[in-house]
Amino acid sequence: GSRRRMKHHTATAEPIDETTYRKEDRNDHVEDNTTNQSNRSNGNPKEKQGNENHVKTLQMPTPEQMMQEEFMNHCAVRSVMSLVMGGGMGVLMGLVFGTMDNDANLAGEQGNKTRTAKQQILATAKSAGQKSWSYAKTFAAMGALYSGSECVIEKARAKHDIYNSAYAGCFTGGALAAR
């Protein structure tokens, strides 16, 4: 066929050649399903219609892309990213739930006195801020602990499957329950 073979490369910074595959090369032994009945009756099942004879190009990753992927798969990097994203999610959740907190609404009522609108807004903002900080710490801890333990378990087992997530979830739940 017209396939170009990939060269074996070491981990140097030399450029890697593209490899192309044509549809006919992959499917020499398989009849094209898009061929209509008239082509079959003409005895030419391999006759192509329209632009089906296209070339797909596969590119090998560059050394920079490989270094980036290796960096992103490091357990410490994964844990820090989960810590930051979990903290951000906790802040958002705290803002939502903190504004709906009834304790802030009821705390200002002393006897028969009620608070002014300004006092109510300040109390609600304070409650939302406290909830945000609390949720941010919890979500950040959960995210970092789960992500880090999953990465360590995956590297220890040398497998990438669903059991790593299950084991990491059990470990994270146990660690947070013990806290």
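Residue indices begin from 1 for each chain and proceed along its sequence in written order. Reporting in this predicted model follows two pLDDT cut-offs: at least 70 for local features of residues, and 80 or more for side-chain atom pairs to be given and counted; totals over whole chains, interfaces and linings ignore these cut-offs and use all residues. Where side-chain values are given, they derive from all heavy atoms of the structure, hydrogens and water being excluded.

Attention now goes to helix α4 (residues 75-99). Secondary structure is summarised from DSSP: a helix means a run of H or I of at least four residues, a strand means a run of E of at least two, and numbering begins at the N terminus for each. The span one expects for a helix is its residue count, reduced by one, times 1.5 Å. End to end, α4 covers 36 Å across 25 residues, agreeing with the expected 36 Å (1.5 Å per residue, within 8%). Buried within α4 are the following residues: Cys 75, Val 77, Ser 79, Ser 82, Gly 86, Gly 87, Gly 90, Gly 94 and Gly 98. Contact partners of the buried residues in α4: α3 (63-72) and α6 (117-157). Here the term buried applies to any residue with accessible area under 20% of the maximum for its type, exposed to any over 50%, and partly exposed to those in between, with areas from a 1.4 Å probe on protein chains only. Contact between two residues is taken to exist if any of their heavy atoms lie within 4.5 Å; hydrogens are not considered.

Further remarks concern the pattern of salt bridges. Every case where a carboxyl oxygen of Asp or Glu lies within 4 Å of a side-chain nitrogen of Lys or Arg is listed as a salt bridge. Within the structure shown, the criterion is met by one salt bridge. A salt bridge links Asp 161 to Arg 157; the nearest nitrogen and oxygen atoms lie 2.8 Å apart.

This brings us to the state of the cysteines. When the sulfur atoms of two cysteines come within 2.5 Å, that pair is taken as a disulfide. Under the criterion given, the structure shown has one disulfide. The disulfide partner of Cys 75 is Cys 151, and the S-S distance across this bridge is 2.1 Å. Because the sign of the S-S torsion sets the handedness, a value of about -80° for the bond joining Cys 75 and Cys 151 places this disulfide among the left-handed ones. Of the two residues, Cys 75 is situated in helix α4 and Cys 151 in helix α6; the sequence distance between them amounts to 76 residues. You'll find Cys 75 and Cys 151 in the same group, each marked buried.

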